[in-house]
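Working through the structure, step by step
What follows is each chain in one-letter form.
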Amino acid sequence: MTYTLIIADDDAMIRKGLRCLIPWQELGFQLVEIFEDGNQVMDYLQNHAVDVILTDIRMHEISGLDIAQYVFEQSLFTRVVILSGYQEFEYAQRAIRYNVTEYLLKPIAIDDLRETFSRIRDMLDQERRKEGQKAQLEGDVTNLQERLDRLFLLDAYSGKLMQEGAFLHRLKINGYSLADLERKSILYELVCPPGKENVVISGMNLIVDGCSFYALKQQDDTLEGLLLENRPGNLQQLTTNTVEDRLFSLSGLPVKCDQISSFENLRQFTLFRSPESYENGGPAIQAEDYLREHYAEDITLNDVAARIFVNPAYLSRVFHQKTGRTFTEALSRIRLEAAQRLLKESNAAISEIARSCGYTDSKYFHKQFKRYVGMSPGKWRQTGTWKEDSND
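Below is a summary of the structure that appears in this document. Nothing here was measured: the structure is a model prediction, and the numbers come from that model.

1. Regarding the overall build of the protein
Each helix and strand counted, the protein has 19 helices and nine strands in total. When the 392 residues of the protein are sorted by exposure, 42% land in the buried category. Across the protein, contacts joining residues at least 24 apart in sequence account for 64% of those joining residues at least 6 apart. For the protein, the accessible surface area stands at approximately 21900 Å², while carbon and sulfur atoms represent 48% of it.

2. A few points about the sheet that holds strand β3 (residues 52-56)
One key point about sheets: their strands pair by backbone hydrogen bonds, in either a parallel or an antiparallel sense. If you trace the five strands from one edge of the open sheet to the other, you get β2-β1-β3-β4-β5, paired in parallel fashion. Both outer strands of the open sheet, β2 (29-35) and β5 (102-105), are each paired with one neighbouring strand and no more. Strand-to-strand, the axes of this sheet are offset by a mean angle of 20 degrees, without reference to chain direction. Direction of pairing for strand β1 (residues 3-8) relative to β2: parallel, over a ladder of six bridges. Counterpart to Tyr3 in the pairing with β2 is Phe29. Contacts between helix α4 (residues 64-73) and the sheet are confined to β3 and β4 (79-84), with β3 contributing the most and set at about 155 degrees to the helix.

3. Here's the deal with the pattern of salt bridges
According to the stated counting rule, one finds 11 salt bridges in the structure shown. A salt bridge links Arg15 to Glu36; the shortest N-O distance between them is 3.6 Å. Note that Arg15 is positioned in helix α1 (residues 12-20) and Glu36 in the loop between β2 and α3 (38-45), a separation of 21 residues in sequence. By relative accessible area, Glu36 is classed as partly exposed at 42%.

4. A word on the packing of helix α15 (residues 327-345) against helix α17 (residues 362-373)
Interhelical geometry of α15 versus α17 gives an angle of 90 degrees and a closest axis separation of 10 Å. Taken together, the axis directions place α15 and α17 in an arrangement best described as roughly perpendicular. Facing Ser332, Arg333, Leu336, Glu337, Ala339, Gln340 and Leu343 of α15, the residues of α17 in contact are Phe365, Gln368, Phe369, Tyr372 and Val373. Classifying every residue of the contact of α15 with α17 gives seven nonpolar, three polar and two charged.

5. Some details on the environment of Leu250
In this structure, Leu250 sits in helix α9 (residues 240-251). Taking the C-alpha atoms as reference points, Leu250 and Ile207, separated by 43 residues in sequence, lie 9.0 Å from one another. The contact partners of Leu250, leaving out residues within four places of it in the chain, are Gly203, Leu206 and Ile207.

6. As for the packing of aromatic side chains
According to the stated counting rule, one finds 10 aromatic pairs in the structure shown. Seen in terms of ring centroids, Phe72 and Tyr98 are 6.2 Å apart; in terms of plane orientation they differ by 50 degrees. Their pairing is tilted. Of the two residues, Phe72 sits in helix α4 while Tyr98 sits in the loop between α5 (89-97) and β5, which places them 26 residues apart along the sequence. Residue classification places Phe72 among the partly exposed positions, given a relative accessible area of 44%. Given the relative accessible area of 11%, Tyr98 is considered buried.

7. Concerning unusual backbone geometry
At the junction of Lys106 and Pro107, the peptide bond is cis and its omega measures out at -10 degrees in the coordinates. Among the secondary structure elements, Pro107 is positioned in the loop between β5 and α6 (110-158). Backbone geometry at Asn99 places phi at a positive 60 degrees, although glycine is not the residue there. Along the chain, Asn99 turns up in the loop between α5 and β5. Judged by its relative accessible area of 60%, Asn99 is exposed.

8. Details of the pairing of β5
Only one face of β5 is buried: it carries Glu102 and Leu104, and the other face, with Tyr103 and Leu105, is open. The pairing of β4 with β5 spans four bridges and is classified as parallel. Counted as the bridge partner of Val81 is Glu102 from β5.

9. Here's the deal with α17
The end-to-end C-alpha separation of α17 is 16 Å, in line with the 16 Å expected for 12 residues at 1.5 Å each. Among the residues of α17, Phe365, Gln368 and Phe369 are the ones counted as buried. The buried residues of α17 all sit within an arc of 100 degrees when viewed along its axis, so they share a single face. Facing away from the buried side of α17 by over 90 degrees, the exposed positions are Lys363, Lys367, Lys370 and Arg371. Looking at the buried residues of α17, the elements they touch are α15, α16 (350-356) and α18 (377-383). One side-chain oxygen at the N-terminal end of α17 lies 3.0 Å from the backbone nitrogen of Lys363; it belongs to Asp361.

What counts as what
- Residues numbered from 1 in each chain as written.
- Predicted model: local features only at pLDDT ≥ 70, side-chain atom pairs only at ≥ 80, totals over all residues.
- Heavy atoms only, no water.
- Helix = DSSP H or I, 4+ residues; strand = E, 2+ residues; numbered from the N terminus.
- Buried < 20%, exposed > 50% of the residue type's maximum accessible area, 1.4 Å probe, protein only.
- Contact = heavy atoms within 4.5 Å.
- Areas by Shrake-Rupley, 256 points an atom, 1.4 Å probe, with all protein chains shown as cover.
- Pairing = 2+ DSSP bridges.
- Axes fitted to C-alpha atoms, helices over the stretch in contact; angles between N-to-C directions.
- Salt bridge = Lys/Arg side-chain N within 4 Å of Asp/Glu carboxyl O.
- Parallel < 35°, antiparallel > 145°, perpendicular 65-115°, else oblique.
- Nonpolar A, V, L, I, M, F, W, Y, C, P; charged D, E, K, R; others polar.
- Phe/Tyr/Trp six-rings, centres within 6.5 Å; stacked < 30°, edge-to-face > 60°.
- Expected span 1.5 Å × (residues − 1).
- Arc of directions from axis to C-beta.
- Polar contact = N/O pair within 3.5 Å; in protein donor to acceptor, adjacent residues only side chain to side chain.

Read these as spatial facts, not as claims about activity.
Shown next as structure tokens:
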């Protein structure tokens, strides 16, 4: 391995001797520049990386010790070798303070200089090997963490971590703590033309620095996945609109996003993906149960889908298959059944009953009630039709 070297000395004869008499290439060094003053060295170091500087200790303006101080204070990965005709303790002391690699006294024999630079080359070789090993280890750790994250998310997505204990155990295995339950992650559903999966995944990984996109499921033209932040804070200001715009500008492909704000919400999400959940009726029954609890609210299909962590179009389809009704029909039926109960059990005004059942428009409520029951709310209450039904 060859390392770069620059020389600085204000004596022309010494510069010529150092250039011509030392076989730098044989020693593993490429002599890239020779300077006669420390100012030139400073300027050069601002734009060039150098492995070793061989410099005289005394020059016109900027000394070799000044250069060593600059290298030390700038934390440059550069070795400094000083040639000095002075044995004063103060010079040596400053050289030690600035981490100078070698402090050589003039006159120095060529063999001694060769030996010095052979030793420096071996030192640099050893450092490079350690850096390579460290980089390899860091890469292995990163790859392992990514695999663990992916497996964790896949298992959570598929419902294998339904139990809280199992979820928290896997969280710990992945190197996260309980505080990381607030760690941000975003669940995405991407409209993905066949054959464009890799384009979309690459685009998602470029959306924001410090985040990784993990594809979790591919079905028809929809690619579902999680964009997980690897460094806290990266997703704080990232909105779904920002992601949509950036992905479209990168790939020209549309994207649709639903957000899970944290790992804790991801755990809740796993409950709706568990096999037990689907055995008990899956999203359709979950949606119907949600409607029975929240029918009085201003609620839409998108609202319910977000609550049970499924795609609205998918929910609409399976809801109709399971119940035989559309989402709107089911919500209307639940509201009107609730209205019938209130008409039977209370003396509240019909307009008040309408509002408590989710109808803000009394006229619309009357119209829907009559279509469902066959008569107006007031007439149904007066005739006591439910009493006749109970006597049959």
